[in-house]
Every structure is written in structure tokens, then in C-alpha cells.
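The chain contents come next:
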Amino acid sequence: MGISDIIQPGALGRDGDDAMPWQPVSELTPDVPESDSEAEGKGPDENWRFWQEQITTALMHERRWRKEALHAESLYFGPDEDSGTGESSGAPKENRITDETGLIHSNIEVLKPLVFSETPTPIVQRRWRGDGRADETDLMAAEAGQRIATWMLSTTDFNGAMERARDDWLIAGRGAARVLYRAEFGQEQAINPLTGEPVVEDVKLNEEVLIRGNEWRRLVLAPAAGWDQMPWIAFEVPMTRAKIEKRFPEHKDRFAYVNKGMRGRARAFGDEDREDRALSSQIDRTGEPVISPFDTATVWEVWNRETRAVIWVSPDCKDVVLDKQDDPLGLEYFFPMPKPLLATTRGDSMNPRPDIAYYAERAKEIDLATRKMHELLKVLAVAGLFPGAMADQVKALMEGKNQLIPVQSWISLMEKGGSSNIIQWLPLEAIITCLNALQMMREAAKQAMFEASGVSDIMRAQGNPNETATAQQIKGRYAGLRLAAKQRQMAVFARDSLRIMVEIALELFDAARLFDLVGLNIPATEAERQMKLAEIEAGKQQFAQAVAQYQALEQAMQVMQQQGQPVAQMPPPPQEPKFDRVPETSWELVHARLRRDMSRKITIQIETDSTVLADEQADKEARIEFLGAFSTFVQQLAPLMASGQFDMKTVKELLLFGVRAFPKSRTLEGMISQMPDEPRGEPKEDTQVIVAKIRAETDKLVAEMEMADKEKDRQHDMRMKGADLLAKAADTAAKPASPQPIGRA
């Protein structure tokens, strides 16, 4: 008998009535679907139940972080309660900002511009640039990607989305932003090319890519250890009745609008409402109040990467899947958002812990010390006791006037020690000692808080004047190292967001719209480019035929001259037509290359320093340093290249090696990269051009010689004319003068 056959006494009842036939364990365990496809195969109600359980499990998994995030947000912002319609003086009392909130708020405000404050500078370039090949399609693809990325940054609220994600990251511990695609369709009349009859066609009137910061409460991540293992994400979308009827008209009558709006309330939503909803037993939604005057229903937009489909379900519309679309954006990594910005996490979970939680206790200690000091300051005063019989004299002394006060029992007063012993003053030494101790404890707690939060005294411009410049530089460098990780994480988040935006534009925008957007000077289609090449080839053939006909005519006229026949003047020779250069690529090829190789051969990067405020003095010094080093380097390389010790390719690589160390020289780096590997001499001229130049030069020399001969002849003639004039003058002078008649005056 085996162990499984042993039955305890009394287990089956007195007569064995409780015995049941044996069944396999698999038949007793319900067959629970573990994927969307399995649940869909069992019907819409089972598919809806599957996603309800998935979202409920994820919300339960994030419960610890969500409570900590709500508390951190309350510490940063302070109390948020509607004080009602009373006097305005009641609001500060009910929403009093404590030292705890003030210090945490100031810490976060210091970190914000140091993490992200400027629109990033995109850099789109070829991944491999040292293969020695000049592929114009790759070059144009990189240029088109650069223009699309720049256009995206300038036409969307990219900074607003990044700042929203940054704030949620620094406060709640998780920041996210999602990319949206919107298209506006309409109808236009067109002519059917087959029948020639007018028809009405649906056309895309406008399209755009948007990016929005996603509220941390409205995003739910599936339980996973990392972003690469994330099976699905879900966005919570509160929708009013009007939106439900427009988006899901076939299910509009099944919705229950359980999230009450602000209409009819006496007060706005506050911290108390958030706490009540966070503690609610409903775990199929986040519980965040909806700032809307109308009642709303909760709709979950689930992006399932395993099946590359988007599913819409709602806990307020039971047993039905509202909608399902297969891969609406066509993204390589499917999700419409990059990996969220996360604070401290464990290796087996993406649930963060807000950074505020690590120094909130120090802020609480500071607030407690401040409140105790405030209570002691209330007690601290000049007070004392004195005999009641001398009340008038003591009051007169305390008036602070220059006066003499008469005392009747003067001898008795002197016997008691004079005026110094009349008043028994309140002892203040213990209070002052306690205040000093509280002040020291408060400063120590502040320093511990600054160290925990990463905000050094250099960032707050509170350097010690007795410290050396080296000591302050070390502090600043240490703080910079701590911030560098956050700045790099923020830059990667911005870069990945921009990549998704560019990828959506390449996948979904019309090719003609993109071509107009980038404005490249290349043909739109490959057929157009081939047509231009054919036109040039036809023009060259026509010129060759004209040259052949001209040569035949020239030979015929030479034969006629040899035979003594009269010939007419030769017509001018045919002129070679000038053709514009036709690019080696077209937008059709460039667009295809971008869609196919955007992440493999074309890369989008973000300058890390471009997302934070630049130090103008440091930037100026870096540029001066670069210009000095570059000019010295070029001066040393020039004679080596001229003497032949270094070839052009070696000089080019040396220049790039030096230039790449300076982040501000990317434009110059691109120009150096485009330099040829071999020096380009003067272009060789056509033989006919050379002959024409020699003939022109010879004609010029002959003309100059003829002009010189003519000038000599003219000068000779002038000399001869001058000699004749001199001879005539001499003859005239040798003849006797004629007598003058008398009587004539």
C-alpha cells in the first residue's frame, strides 16, 4: 500500500458517506486564460474579465509606490483644501505652508533647471561614416532626419511635455510622456481616370504628431523587472458621456458614470478627496478625482506588446471589449512612449521610491525644531515680579523717561539691597540655551537634508568665504557628478521621445507632405529623376549629332575650296548645352531608406548639455580654448602635409580626433568629415577649351605686337613731321624781310 492510499480514521464519515470519486487535479482547477489571445477565444466577456484582472493586479502591485508618491506630492505642494466662501484670511490658516514643505519645495526647484531647462539640440547622422563610400541617399536621409527632428521640436510643445515628466520624476518618482498622432480627414471631388466621371474621395486634410506629459496617476505598468520585459502598459482615460457617445457609439447605453463631477459640490476637490479615493475598495481604477463638471466613466487604453494590439476596456461597461486595433502606429518598439523616468528602483521591479522619501524625515525634524523655537520665542520676554506696595514706582521706572521718582521708605529700600533687588526677573538663560541648541540641531538637519537630496551649498550660492577656490571647485565637481546621472537620464528620455515622434512621421505622414516639409533639392520620385537623366542624355545625343553634321559640312566646304568652287561663310559651330546636375538619389529612395534603416544606419542623438542652461562664461572659455588649440594644430600639420610626410587622409583623421573632444564643434566636425581623402588639384580642362585659350592668348599677343608696330610708325611719322616743320622754319628765318609802305599806319 502506498502512502497515498492511507486514509485517516473518520475522514470519510462513519459509514463512508463522504467518499467522492477520484478526479484529476486539472479538472478541478479552472482553466484561467494567461494571454489576450486565449481570453479572446473564449468570448468578449472573458476577454474583458482578463484585462480587468490584469489591471487590478498591476494597481495592487503599484499600491506602495502610489501612496508614497501621493505623500511626496503633498509634501512638495503643501495642503490643498478649499477653504470655502469665507474671508480670504482663512485660506492661509487652513493651507499653511510649513518649513518641511518650504525646504522640500526649494530643493526640487533648485534641481529642476539643472536637470532640464532648454530645448534639446538634435543630431541626426549616419551611424557608419568611415567606410570611404559616398552614398548620397544616406547623406540626404541624415539631412532629412535632421530637418524633421528640428521641425518637430519647433512646432510641438516638446518642452512642456519634458517639464511635466521631469516634475513628476523629481516629485513622485516616475515621469512619462506619450506621443500622439492625429489626422483630419475630409472629402474632395476628383475625376475617375477610368470612367472620367467625377467622384468623391476621402482625403487626408491635415496630420500632426503631438507629445504630452502623462500624469503619473493615469499610467499603469504591468508587473515586470525591466522595460524590455514589459508586456503591456495602460493609460486611464476619464470620459464624459459626450465623449463616450462619439468614441464608442455602439456601447453608449451600457456605461455607468460612477465618477462624480464637480457640478453640485460646495467645495472643490482637495487632499481629503484624494485620500478617500486612494483608500477606496475599488482597485480597478486609480481613484484620482476627475477635474470636470460632469460625471465620467473610466476607460482603459491598453497597449499589448505581445500581440501588438491596442485594446479599450472599461470597468464601467461590463463584459465587453470596447474596441481593438492592430498596431495603429507601426512603431518598432510598439509603445507610444519611451521608458519612463524612474527614481530609485529595485532590480526586480519598476516600482520606484520617490527621492523625497529619503530626506523627508530631515525636513520634518527641521520643521519640528522651527515650531519649538517659535513656542520659545513666545515665552522669551523681559518679565519679573516685584512687591505690590511699590507698583507705582516700578511702573514709573519702566516708562523709559528721564525722571526722578521719590521713595518714602528710602532706608528700608537700601536695607533690602536697593533697586536691584526690588524686581525678581524671569530667568532667560535656560530658554536662550535651548534656543541655541535647537538652532544647532536645525542647521545639522538642514545639512543632512542637503547631502541626501544632492543639493550642495555651491548650487545655492552659499559658499564659505574662507574656503579656497580649489575647495569650492571640488564641491561643484562632486555635485556635478551627482547631477550628471540625472541629466544623462533626462537627455536619453528626450532623445527616445523625439525618435518616436520622427518614426511616427516617417510611418504615417504622406510622402508628399514630408517632401514639402524637409525641402530637399532632389527629385520627388525616382521616375522624375530618371526622366531628367533621360532629358540630359537626349540633349547630349542631339549635341553629338549637331557636331557630326557641322564637321561633315566643314569637310564638304574644304573640298569645294580645293576644287575652286565658291563657298559661303561657315555657320558658327554648335554650342554644347549646359545641364543642371541631377542628384544621385530621389525623395522616394530617401524616404524608403529612412523608414527601413532609421535605427540601424541613421541615428538620432541629443546633446546632453543642450537640455540644461548653459554657463556662458564656461562656454566662451571652451570656444576660445578650442580655437586656440585648433589653429595651433593646423599650423603644425600644414608643413607636414606640404612636405608629403602626411597624406590628406591622415591629416583629416588627426583633425577629427582633435575636434571631437570639443562638443561645441559639431558643425566643424561635419565639414571636416566631408573633406576628400585625397587633395583635389585643379580640374582638367577639355582639349578644345585648352586650344581655344592658347589661340586667344596668341591672338592677344599678335594684336599687342601690331599695336606696338603701329605706335612705332606713328611716332616715326610724328618725328618726320617735326623735322619738316623745323626745316621750313629755318628757311623762313633766312629770307630778307619785305619793306613796309610809308604813310600807312
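You'll find the structure just up there.
Rules behind the numbers
Residues numbered from 1 in each chain as written. Predicted model: local features only at pLDDT ≥ 70, side-chain atom pairs only at ≥ 80, totals over all residues. Heavy atoms only, no water. Helix = DSSP H or I, 4+ residues; strand = E, 2+ residues; numbered from the N terminus. Buried < 20%, exposed > 50% of the residue type's maximum accessible area, 1.4 Å probe, protein only. Polar contact = N/O pair within 3.5 Å; in protein donor to acceptor, adjacent residues only side chain to side chain. Pairing = 2+ DSSP bridges. Axes fitted to C-alpha atoms, helices over the stretch in contact; angles between N-to-C directions. Salt bridge = Lys/Arg side-chain N within 4 Å of Asp/Glu carboxyl O. Core = buried A, V, L, I, M, F, W, Y, C linked by side-chain atoms within 4.5 Å. Contact = heavy atoms within 4.5 Å. Expected span 1.5 Å × (residues − 1).

Q: I keep staring at the side chain of Q487 and nothing clicks. Help me out?
A: Among the structural elements, Q487 can be located in helix α15 (residues 469-508). The exposure class assigned to Q487 is buried, which follows from its relative accessible area of 17%. A polar atom in the side chain of Q487 sits 2.7 Å from the backbone oxygen of L114.

Q: Whenever I open this one, the sheet that holds strand β7 (residues 309-313) confuses me. Can you help?
A: The strands making up a sheet associate through backbone hydrogen bonding, with each pair oriented either parallel or antiparallel. In space, the five strands of this open sheet follow the order β4-β5-β6-β7-β8, with antiparallel pairing throughout. For this open sheet the edge positions go to β4 (219-221) and β8 (323-326), each flanked by a neighbour on one side alone. When strand polarity is set aside, the average angle formed by the axes of neighbouring strands in this sheet is 20°. Across three bridges, β4 lies against strand β5 (residues 232-240) in antiparallel orientation. Paired with V220 across the bridge in β5 is A234.

Q: Mind showing me how you'd approach unusual backbone geometry here?
A: Most of the time, phi is negative for any residue but glycine, and the peptide bond is trans. The backbone phi angle of D319 is positive, close to 60°, even though this residue is not glycine. Among the structural elements, D319 can be located in the loop between β7 and β8. At F334, a position not held by glycine, the phi torsion is positive, near 70°. Positionally, F334 belongs in the loop between β8 and β9 (341-342).

Q: What's the story with the sheet that holds strand β3 (residues 198-214) in this structure? I'm lost.
A: With antiparallel pairing, the three strands of this open sheet are ordered in space as β3-β2-β9. Where the open sheet ends on each side, the last strands, each with one partner, are β3 and β9. Sheet topology note: the strand β2 (residues 174-191)/β3 ladder contains 16 bridges and is antiparallel. Looking at the pairing, V179 lines up with I211 of β3.

Q: When you look at the pattern of salt bridges in this model, what are you seeing that I'm missing?
A: Oppositely charged side chains are able to pair whenever their charged atoms sit close together. Under the defined criterion, the tally for this structure stands at 31 salt bridges. The salt bridge involving R371 is made with D367; its shortest N-O contact spans 3.2 Å. Separated by four residues within a single helix, R371 and D367 lie in helix α11 (residues 360-379), roughly one turn from each other. For R371, a relative accessible area of 40% puts it in the partly exposed group. Under the relative-accessibility criterion, D367 is labelled buried at 7%.

Q: I tried to follow the nonpolar core on my own but got confused; where do I start?
A: In summary, soluble globular proteins display a tendency toward joint burial of nonpolar side chains. Judged by nonpolar contacts, the single largest core of 82 residues is most densely connected at M162, M230, W232, I233, L498 and W587. A total of ten residues in this core trace back to one element, the largest contributor, which is α15. Residues in contact with M230, not counting those within four places in the same chain, are L221, A222, A224, R305, F335 and M350. Listed in part, the 18 residues of the second largest apolar core include A72, I104, I171 and A360.

Q: What's the story with helix α14 (residues 429-453) in this structure? I'm lost.
A: With 25 residues, α14 should reach 36 Å at 1.5 Å per residue; the first-to-last C-alpha distance of 36 Å fits that figure. Inspection of α14 places I431, L435, L438, R442, A445, K446, M449, F450 and S453 among the buried residues, and these make up the whole buried set.

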